[in-house]
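The chain contents come next:
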Amino acid sequence: MKKFGLIGGLSWTSTVRYYQIINEGVARQVGGLHSAPLLIESLDFAEVARCTSAQDWDCTSSQLVDAARRLETAGAQGLVICANSMHTVYDRVAAAVTIPIIHIADTVAEKMQKDGIKTAALVGTRNVMTEKFYRQRLVSRGVSLLPPDMELAERIDTIVYDELMMGKATRESERFMKSELTDIAKQQVQAAVLACTELEMIVDVRANVLPIYDSTTIHAKAALDFILAD
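Note on numbering: residues in each chain are counted from 1, in written sequence order. Only residues with pLDDT of at least 70 get local features here, since the model is predicted, and only at 80 or more are side-chain atom pairs given and counted; chain-wide, interface and lining totals rely on the full set of residues. Here the side-chain values reflect all heavy atoms present in the structure, with hydrogen atoms and water set aside.

(A) Representation of the sheet that holds strand 2 (residues 38-42) in the model. Strands sit in the order 2-1-3 across an open sheet of 3 strands; the sheet is parallel. A strand with exactly one partner marks an edge of an open sheet, and here the two such strands are strand 2 and strand 3 (79-81). Taking the axes of each pair of neighbouring strands and ignoring which way they run, one obtains an average angle of 15° across the sheet. Where strand 1 (residues 4-8) lies against strand 3, 3 bridges are found, and the strand directions are parallel. Should DSSP find at least two bridges between two strands, the strands are taken to pair. The secondary structure listing takes helices from DSSP runs of H or I that are at least 4 residues long and strands from runs of E that are at least 2 residues long, numbered from the N terminus. Here, axes are lines fitted to C-alpha atoms. For helices the fit covers the stretch in contact, and angles between N-to-C directions go from 0 to 180 degrees.

What follows is the structure, encoded as structure tokens:
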């Protein structure tokens, strides 16, 4: 198995899921007492959030670049950034190391393409729903996206930063997301992309009226495939 790096803490709640999904996959596919050889650079998200709230992407990228370099130096042969929104600075981080960084939107787009999905709604925090860094990677694979719903984006920001990143999953937020996804299904799209690594805490991806592409699970499984590849 290849040694693999996770840039986590973005937030810790979703980083836990990456660790779980990857190791469950190793146990299932390799068997025995095996677990994944992982290196985790868990950042203090308060420091990262301070930069992003000020739209200081130089500050943000420097923290992720430093983390990626430490993981490479420690022996990681590949890595992932455990957050959708932090892929805003993906290109800067990827340019700073020689090892591959698996882009979360590429893994989602590849799976949707294999499944023949042509139309979808992108559901996540404001910058993911509105900025080009994520949307273009889906569109380039032939997926047509609904225009961003700004009211939904603002509500998701509140849910993510005030609740989910604190480890809180409320019934009110669960009901809200279920209602929103039901409304999205009425807009003649084939699927919804859950483009926030924390949202699976309040969305049952198996019990919705349309297929849900959970970016956390898809990204973590791509990391698993890299670890186990010959």
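After presenting the structure, the write-up continues.
(B) Local environment of the sheet that holds strand 5 (residues 144-145). With parallel pairing, the 4 strands of this open sheet are ordered in space as 5-4-6-7. Looking at which strands have only one partner, the edges of the open sheet turn out to be strand 5 and strand 7 (212-214). Bridge count between strand 4 (residues 119-123) and strand 6 (residues 191-194): 4 bridges; the pairing is parallel. Residue pairing in the sheet places alanine 120 in a bridge with alanine 191 of strand 6. Sheet strands touched by helix 5 (residues 104-114): strand 4, strand 6 and strand 7. Its angle to strand 7, the strand with the most contacts, is close to 145°. Contacts between residues were defined by any pair of non-hydrogen atoms, one from each residue, lying within 4.5 Å.

(C) Seen up close, the nonpolar core. What is meant by a nonpolar core is a set of buried Ala, Val, Leu, Ile, Met, Phe, Trp, Tyr and Cys residues, joined one to another through side-chain atoms within 4.5 Å. Partly exposed residues are those whose accessible area sits between 20% and 50% of the maximum for their type, while under 20% is buried and over 50% is exposed, using a 1.4 Å probe and protein chains only. Grouped together as the largest cluster of nonpolar side chains are 46 residues, with contacts concentrated most on Ile7, Leu10, Leu64, Met177, Ile184 and Leu199. At the level of elements, helix 2 (45-53), helix 3 (57-73), strand 3, helix 4 (90-95), strand 4, helix 8 (150-162), helix 9 (171-185) and strand 6 are the ones that each hand at least two residues to this core. Per-element accounting of this core gives the leading share, 6 residues, to helix 3. All the domain ranges listed were derived from an automatic or database domain assignment. For this core, the domains that each give at least three residues are domain 1 (4-103 + 218-228) and domain 2 (105-215). Apart from the residues lying within four places of it in its own chain, the contact partners of isoleucine 184 are Ala121, Val123, Leu152, Val189 and Leu210. Counting 35 residues, the second largest nonpolar core, distinct from the first, contains Ile104, Ala105, Ala222 and Leu224.

(D) Looking closely at the pairing of strand 1. Of all 5 residues in strand 1, 5 are buried; the element is thus mostly enclosed. Along strand 1, one buried face is formed by Phe4, Leu6 and Gly8 and the opposite face, lined by Gly5 and Ile7, is buried too. Of the pairings in the sheet, the one linking strand 1 to strand 2 comprises 5 bridges and is parallel in character. Bridging from a neighbouring strand, isoleucine 7 pairs with glutamate 41 of strand 2. With its strands directed away from the observer, a crossover is right-handed exactly when the path from the first strand over the helix to the second travels clockwise. What joins strand 1 to strand 2 is helix 1 (residues 12-29), and the crossover it makes is right-handed.

(E) Layout of the side chain of aspartate 214. As for its position among the elements, aspartate 214 is in strand 7. Nearest to the buried, unbridged aspartate 214 among oppositely charged side chains is arginine 17, at 5.5 Å. Any pair of nitrogen or oxygen atoms within 3.5 Å is treated as a polar contact; in protein, a donor-acceptor pairing is required on top of that, and neighbouring residues in sequence qualify only through side-chain atoms on both sides. Engagement of the side chain of aspartate 214 in a polar contact is seen with the side chain of threonine 217, the distance being 2.7 Å. In this view, aspartate 214 contacts Leu194, Glu200 and Val205; residues no more than four positions away in its chain are not counted. Within this scheme the basic residues Lys and Arg register as positive and the acidic residues Asp and Glu register as negative, but His and the chain ends are omitted. Salt bridge criterion: a side-chain nitrogen from Lys or Arg within 4 Å of a carboxyl oxygen from Asp or Glu.

(F) Region of interest: helix 8. Helix length check: helix 8, at 13 residues, gives a terminal C-alpha distance of 18 Å against a target of 18 Å (1.5 Å per residue), a fit within 8%. Among all positions of helix 8, only Leu152, Ala153, Ile156, Asp157, Ile159 and Val160 are buried. In a helix, the anticipated span is given by 1.5 Å times the number of residues less one.

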